Amino acid sequence: MNTAAQYQQALSHRHHGRLDEAVRLFGDVLRRDPQHIDSLLGLADLALRLRRTIAARQFLAKAQKMAPQHPRVWVLHGLLDEADGHTGDALAHFQRAVACGSQSYVAHYHLG
């Protein structure tokens, strides 16, 4: 299976709540293509959903180095900070997401 197909399959598993399988597939994509930012962000999102905040922060740190202008990096940073009770940091990250061009409902919602 090629990388694009694996990535799509990971998204499908995530959407249907098969999170362990989604994690495995996102990881497989990253092993084949270490620069696949969307798989890295997929892992960060799943780590956040599973309340694995240390792992989520590690994935986001890598993603931020790879693609500092990617809006989803900052949306996920905001969600993670919000989950940890760091409201001020979360708002700053949502603002950064919007500044990077995010049309994310999540970022705009949290900014009011």
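Our structure is the block above this text.
Being a predicted model, the structure only gives us computed values, none of them experimental. (Residues numbered from 1 in each chain as written. Predicted model: local features only at pLDDT ≥ 70, side-chain atom pairs only at ≥ 80, totals over all residues. Heavy atoms only, no water.)

(A) Spatial organisation of the side chain of Ser-104. With respect to the helices and strands, Ser-104 occurs in the loop between helix H6 (87-99) and helix H7 (105-111). Among the residues examined, Ser-104 registers a relative accessible area of 18% and is labelled buried. Only 3.1 Å separates the side chain of Ser-104 from the backbone nitrogen of Val-106, close enough to count as a polar contact. Side-chain polar atoms of Ser-104 contact the backbone nitrogen of Ala-107, separated by 3.3 Å. (Helix = DSSP H or I, 4+ residues; strand = E, 2+ residues; numbered from the N terminus. Buried < 20%, exposed > 50% of the residue type's maximum accessible area, 1.4 Å probe, protein only. Polar contact = N/O pair within 3.5 Å; in protein donor to acceptor, adjacent residues only side chain to side chain.)

(B) Focus on the packing of aromatic side chains. All chains considered together, the criterion is met by two aromatic pairs. Ring plane angle 50° and centroid distance 5.9 Å describe the contact between Tyr-7 and Phe-26, whose orientation is recorded as tilted. Residue Tyr-7 is found in helix H1 (residues 3-15), and its partner Phe-26 is found in helix H2 (residues 19-32); the two are separated by 19 residues along the sequence. For the residue pair Tyr-7 and Phe-26, the accessibility class agrees, reading buried in each case. (Phe/Tyr/Trp six-rings, centres within 6.5 Å; stacked < 30°, edge-to-face > 60°.)

(C) Expanded view of the pattern of salt bridges. Inspection of every chain in the model, using the stated rule, returns seven salt bridges. A salt bridge links Glu-21 to Arg-24; its shortest N-O distance comes to 2.4 Å. Within this pair, Glu-21 and its partner Arg-24 are both found in helix H2, separated by three residues, close to a single helical turn. Two residues, Arg-57 and Asp-84, come together in a salt bridge whose shortest N-O distance is 2.7 Å. Taken together, the residues Arg-57 in helix H4 (residues 53-66) and Asp-84 in the loop between helix H5 (71-83) and H6 connect sequence positions 27 residues apart. A single network of salt bridges, built from pairs that share partners, joins Glu-21, Arg-24, Asp-28 and Arg-31. (Salt bridge = Lys/Arg side-chain N within 4 Å of Asp/Glu carboxyl O.)

(D) Representation of unusual backbone geometry in the model. At Arg-51, a position not held by glycine, the phi torsion is positive, near 60°. Considering the arrangement of structural elements, one finds Arg-51 in the loop between helix H3 (37-49) and H4.

(E) Structural context of the nonpolar core. Counting 30 residues, the largest nonpolar core has Phe-26, Ile-37, Leu-41, Leu-60, Ala-63 and Leu-76 as its most contacted members. Listed by contribution, the elements that provide at least two residues to this core are H1, H2, H3, H4, H5 and H6. Take this core: its biggest share by element is eight residues, from H3. Not counting the four nearest positions on each side in its chain, Leu-76 is found in contact with Leu-41, Ala-44, Asp-45, Leu-48 and Leu-60. (Core = buried A, V, L, I, M, F, W, Y, C linked by side-chain atoms within 4.5 Å. Contact = heavy atoms within 4.5 Å.)

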